Amino acid sequence: VSTQSTGKVEKSQKPGSYTGQTVNQVRQGEGRYTYHNTFFEYEGSWVEGVKHGKGTLRMRDGGFYKGDFYNGEITGKGERHWASGNVYTGEFENGELNGFGQMKYADGRRYDGNWLDNKYEGQGTLHSGEGDIFTGHFHLHRRHGDGEQVWADGTQYDGGWVNDKPHGHGVMGFADGSVYEGQFYHGIKQGQGTYTHVTGITYNGLWVQDEIPPEEFAKNLVFVGATEVEVYQGQSFSIEVAVLHSNGEVMEGDTGRALEATVGLLAPRDGTKVKETASEMAADETFDTPHGTAKCLRLAEVVKEEGEGDEVEQEVQDPTPPTNQKERPISRGYDYIRLPSPQPTSTTQATQCGHASWTNVVIPATDIALDIPDSGHEMLEVVESEEDDVEAVDEAAAKAKPKKKGKGSPAAARKERSTTPDERDRWKITGARAERDKDLLKFAAAGTYVIKITDVTEPSFFGKLLDPLFLKVTILRVKKSSTKYLVAKSPPMSRKAAG
């Protein structure tokens, strides 16, 4: 006759003892068993003397497993707690982590994915606990195969992995916005790859030991065309710069490099001098050039010496005698001009396919004259309009006014208005010359200037900035009649073209 005991009794203190339900003296149903190795104790379901069904296996160090048992083994779904604080929830097979599960580590890491013999295997997601996340394929507890890694600083990698390191083809986006696509070898860039800098500068070529070979970097900047320019006051000019490879060819992949144009005064011409404004220039408001030290014009203005700017009384005359001896023809060697209307433009240009340019620019006199607060002594773009076109004088039709003598003549007027200092000051402000010169004063005075082209790319391309260039600009004085400006018909020439 079989007997069956039911109910629960006090925990036995003896190793190897069982307290619980039995059938024919075989553990069957619910019961608690303390192993001879007292490190383990099981409480749960029993079938024919073995652990089977739901139960809890406790360890003396504080760890435990709670979940499914099958034929005496931890198999099925359950939850394992270690004394270290690690917790696994998922599938087991014969006591090992096998199948899908989640491991939460005491240090903040977390893994969600497939397991094989207690190791990451197959697809999964690993969180570092510090913001790094990997989603992809694992093998033997390491990232292996295709996967995407996102680091806490914003760096990302999507591609092949071998033995926990990027390997093969992949795309890495850096925290600053730069991107590399190409070959990796055990965690470093090696082989062919394309690197697009955050500024837009692109390198496509060979990588060795995580670096671009030195001979593959841009070598220097050069001017396309002249390295020295001569222009009249208010006359516009253009600048073009190219980025060269070490082999002397233009780097067409260089796009987005930031180049800045800075204007400085080398030496005034024809008796002009530099006078500082009320906001005195700092001592460091200069920069060195191959032509000497240049003073930045951001806080300076060029002031004419007394006597400068007299009228052009006579130029090279038409050899044909005029029909009316009382009239004087306009000079055949000069044209009347109208000055352009300058507007502020950016001093910084980005390269496009290895080139950068500033088109139709002039050098202004001062910021105050153009009402550009705190903008620096900027280069200004010429806004083209019909009013700004050069006005060529039809010499056959243009006639000069008869030269008056005696009372009311220009000479008499000059003498009259120069009798007292107050009269001279009033005439400078309200006279005909003041009206004539109000446009000219917007532009830099005659003198020698330098425009410095500087690589200001930020962040720089692998910590490398190209050496600056210097363009020498000579500004020639515009000749003046009573109310207009004249320039020689033979234009000034740009000299010393870059070879």
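Residues numbered from 1 in each chain as written. Predicted model: local features only at pLDDT ≥ 70, side-chain atom pairs only at ≥ 80, totals over all residues. Heavy atoms only, no water.

## A word on the overall build of the protein
Inclusion rule: Think of it this way: any DSSP run of H or I at least four residues long counts as a helix, any run of E at least two long counts as a strand, and we number them from the N terminus. Under the scheme applied here, a residue whose accessible area is under 20% of the maximum for its type counts as buried, over 50% as exposed, and between as partly exposed, the area being computed with a 1.4 Å probe on protein chains only. Contact definition: two residues touch when any of their heavy atoms are within 4.5 Å. Every accessible area reported is derived by Shrake-Rupley at a probe size of 1.4 Å, with residue values counting cover from the shown protein chains alone.
The number of helices and strands found in the protein is four helices and 36 strands. The burial tally for the protein puts 39% of its 499 residues in the buried class. For the protein, long-range pairs separated by at least 24 residues make up 42% of all intrachain contacts whose partners lie at least 6 apart in sequence. A total accessible area of about 27,900 Å² is found for the protein, and carbon and sulfur atoms account for 49% of it.

## Examining empty space enclosed by the protein
Spelled out, the test is: In this analysis, the protein atoms alone were mapped onto a 1 Å grid. Cavities are point sets where a 1.4 Å probe fits without being able to get out; pockets are open sets with protein on both sides within 12 Å along at least five of seven lines; lining residues have an atom within 4 Å of a point. Grid points are joined across faces, edges and corners, and a volume is the space filled by probe spheres set on the points. Residue polarity follows a fixed list, in which Ala, Val, Leu, Ile, Met, Phe, Trp, Tyr, Cys and Pro are nonpolar, Asp, Glu, Lys and Arg are charged, and the others, Gly among them, are polar.
On inspection of all chains with the given rule, the structure shows two cavities of 30 Å³ or more. Considering the residues around the largest cavity, the lining is formed by 13 residues, among which Phe217, Ala218, Asp254, Arg257 and Phe461 are closest to the centre. Of the residues in the lining of the largest cavity, the class split is eight nonpolar, one polar and four charged. Taken as a whole, the second largest cavity encloses approximately 50 Å³ of empty space. Put simply, the parts of the chain that give the lining of the second largest cavity at least two residues each are β20 (226-232) and β33 (469-476). Considered class by class, the residues forming the lining of the second largest cavity number eight nonpolar, three polar and no charged.

## Thoughts on the environment of Gly90
Relative to the helices and strands, Gly90 resides in strand β8 (residues 87-93). In this structure, the C-alpha to C-alpha distance between Gly90 and Gly113, residues 23 residues apart in sequence, is 9.5 Å. Excluding residues within four positions of it along the chain, Gly90 makes contact with Gly76, Lys77, Gly78, Phe100 and Gly101.

## Regarding the environment of Gly124
Mapped onto the elements of the fold, Gly124 is located in strand β11 (residues 119-127). Given the relative accessible area of 7%, Gly124 is considered buried. Here the alpha-carbon distance between Gly124 and Gly101, two residues 23 residues apart in the chain, equals 9.5 Å.

## A word on the packing of aromatic side chains
Selection rule: We call Phe, Tyr and Trp rings a pair once their centres come within 6.5 Å, taking the six-membered ring for Trp, and we label the pair stacked below 30 degrees between planes, edge-to-face above 60, and tilted otherwise. Two thresholds decide whether a charge sits over a ring: the Lys NZ or Arg CZ must be within 6 Å of the ring centre and within 35 degrees of the ring normal.
Scanning all chains against the criterion turns up 31 aromatic pairs. Pairing Trp115 with Tyr120 gives two aromatic rings, centres 5.1 Å apart and planes at 75°, and the pair type is edge-to-face. Tyr120 carries the same exposure label as Trp115, and that label is buried. With a centroid separation of 5.1 Å and 85° between ring planes, the pair formed by Phe134 and Phe138 is classed as edge-to-face. In this pair, the class of Phe134 matches that of Phe138, namely buried. The ring of Trp82 has Arg80 sitting right over it, with the charged end atom 4.4 Å from the ring centre. Sitting above the plane of the Phe217 ring, Lys464 keeps its charged end 5.0 Å from the centroid.

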